[in-house]
Amino acid sequence: MRAQFTGWPEQAMDVLWQLQGEPTHATRERYRADRERLVRQPMIALLNEVADTDPRYEDFSVWHYRTDSWWWQHQGAVIRLGRKIEIGLRFSLDGLRIQGAWWYPDPGQVDMFRKAVASEGSGRELSTIVEDVRKKGYDISGDVMKRPPRGYPTDHSRTDLLRHRSLIAARPLGCEEWLHTPEAVDRVLSAAADLDALLMWLVRHVKRAA
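The structure displayed is predicted, hence computed values, not measured ones.

Definitions and limits used
- Sequence order sets the numbering: in each chain, residues are counted from 1 along the sequence as written.
- Totals for whole chains, interfaces and linings use all residues, but because this is a predicted model, local features are given only for residues with pLDDT of at least 70 and pairs of side-chain atoms are given and counted only at 80 or more.
- Note that the side-chain values use all heavy atoms of the structure and ignore hydrogens as well as water.
- Here a salt bridge means any side-chain nitrogen of Lys or Arg lying within 4 Å of a carboxyl oxygen belonging to Asp or Glu.
- For the exposure calls, accessible area comes from a 1.4 Å probe over protein chains only, and a residue counts as buried if that area is under 20% of its type's maximum, exposed if over 50%, partly exposed in between.
- Working convention: axes come from line fits to C-alpha atoms, limited for helices to the stretch in contact. Angles between N-to-C directions cover 0 to 180 degrees.
- A run of H or I in DSSP counts as a helix once it spans at least four residues, and a run of E counts as a strand once it spans at least two, with each numbered from the N terminus.
- Geometric relationships in this document are graded by angle, where less than 35 degrees denotes roughly parallel, more than 145 denotes roughly antiparallel, 65 to 115 denotes roughly perpendicular, and other angles denote oblique.
- Rotating anticlockwise by less than a right angle from the far helix to the near helix defines a left-handed crossing, while the corresponding clockwise rotation defines a right-handed one.
- Any two residues whose heavy atoms approach within 4.5 Å at even a single point are treated as in contact.
- Think of it as three bins: nonpolar holds Ala, Val, Leu, Ile, Met, Phe, Trp, Tyr, Cys and Pro, charged holds Asp, Glu, Lys and Arg, and polar takes everything else, Gly as well.
- Strand pairing is assigned whenever DSSP detects at least two bridges linking the two strands.
- One less than the residue count of a helix, multiplied by 1.5 Å, gives the span that helix is expected to have.
- To obtain the arc, one takes the directions from the helix axis to the C-beta atoms.

(A) Examining the pattern of salt bridges more closely. In the structure shown here, the tally under the stated rule is 19 salt bridges. Note that R163 and D160 form a salt bridge whose closest N and O atoms lie 3.4 Å from each other. Judged by relative accessible area, D160 falls into the exposed class, the value being 51%. Connected via shared salt-bridge partners are D132, K136, R171 and D194.

(B) Spotlight on the packing of helix α2 (residues 25–53) against helix α7 (residues 183–206). The geometry of α2 relative to α7 is characterised by a closest axis approach of 10 Å and an angle of 55° between their N-to-C directions. By the angle class used here, α2 and α7 are oblique. When you trace α2 past α7, the crossing you get is right-handed. On the side of α2, the interface is formed by L46, E49, V50 and T53, while α7 contributes A184, V185, V188 and L189. For the contact of α2 with α7, the per-class residue count stands at six nonpolar, one polar and one charged.

(C) Local environment of the sheet that holds strand β4 (residues 95–102). Taken in spatial order, the six strands line up as β1-β2-β3-β4-β6-β5 in an open sheet, and their pairing is antiparallel. Among the strands making up the open sheet, the edge pair consists of β1 (60–62) and β5 (139–141). Each adjacent strand pair in this sheet contributes to an overall mean axis angle of 15°, direction not counted. The sheet contact formed by strand β3 (residues 85–92) and β4 spans eight bridges and is antiparallel. Along β4, the bridge assignment pairs L89 with I98. In this fold α7 packs onto β2 (75–82), β3, β4 and β6 (167–174), with an angle of close to 15° to the strand it touches most, β4.

(D) Here's a closer look at the pairing of β6. For β6, the tally of buried residues reaches six of eight residues, placing the bulk of the element in the interior. Sheet analysis places β4 next to β6, joined by seven bridges and oriented antiparallel. Considered in β6, the bridge of G100 is made with A169.

(E) Main features of the side chain of S92. Among the secondary structure elements, S92 is positioned in strand β3. We classify S92 as buried; its relative accessible area is 6%. Excluding anything up to four places from it in sequence, S92 contacts M13, L16, Q73 and H74.

(F) Focus on the environment of G174. Inspection of the secondary structure assignment puts G174 in strand β6. For the pair G174 and D186, spaced 12 residues apart in sequence, the C-alpha to C-alpha distance is 13 Å.

(G) Inspection of the packing of helix α1 (residues 11–18) against α2 at higher detail. At their nearest, the axes of α1 and α2 sit 9 Å apart, and the two run at 155° to each other. When the axes of α1 and α2 are compared, the pair comes out roughly antiparallel. Here α1 and α2 pass one another in a crossing that is left-handed. Touching Q11, A12, V15, L16 and Q18 of α1 are T27, Y31, D34, R35, L38 and V39, all from α2.

(H) Structural context of the pairing of β4. Within β4, seven of the eight residues are buried, which leaves it mostly tucked inside the rest of the structure. From the end of β3 to the start of β4, which pair antiparallel, there are two residues.

(I) Inspection of helix α5 (residues 120–135) at higher detail. Between the first and last C-alpha of α5 there are 23 Å, a value that for 16 residues agrees with the 22 Å anticipated at 1.5 Å per step. All of the buried residues along α5 are S122, G123, L126, I129, V130 and V133. Within α5, the buried residues cover an arc of 125° as seen down the axis, which keeps them to one side. Across from the buried face of α5, at angles greater than 90 degrees, the exposed residues are G121, R124, T128 and K135.

This is how it looks when you write it as C-alpha cells:
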C-alpha cells in the first residue's frame, strides 16, 4: 500500500540544512536514510496524489541523489507530458518550485516549433498563452538565439518566440506552512492548471521527434 501524502515533515528542512555547502561523503551517508524518508518519499507520495487527479500526470520520475551535492540539497521530479515536454518540481530549503518546460529538444523539434510559431493561427495562440502565463507570475526563459533563425523575416511580429530553441515557464510556489500539509497537492495542481495551455500547445505542435 503506497504512502498517502501528508506534507513534507518539518524535519525534512533539518536534513537539507545539514546537507548545505559541500557535505562530506560521511555526512551524506549519515543522512541518506533520513533524506530518503523525509524528503524523497514525500515527493513520490505527492506525485501519486497528483496522478490520481488526471491520467496525463501518471508518467513521473523522482530523482535520486547522484554524486553532485546539489542533488542532495534539491529534490527534483518530473511529470512527462510529451517528448521533451514536462512539468518539473523541485523541493529545497527555498521551498517548492514548479516549471513547465520543453527543452533538450530532439532533432527536428525546433523546426516544428518555429513553423508553429510562424503560422498565424498557432503562433498567435502561443503568444497569447505565454503572455497570460507571464502575468500569472511565471518567468519565461529557454535557450534563445541572439538573432532570428534563417528563413524567417527579421521583423516578424513573433520574432522573440521564433528565437527560442526551448521554452520554460517557472516560478517558486513558496516555503510556507502548507508545505507540511496535504494542501501542497492543491498548490501543485493549481500551478499545473496555470501551465496547462502552454504545455498542451507544445504537446500538439512539437511532441514528435523528427
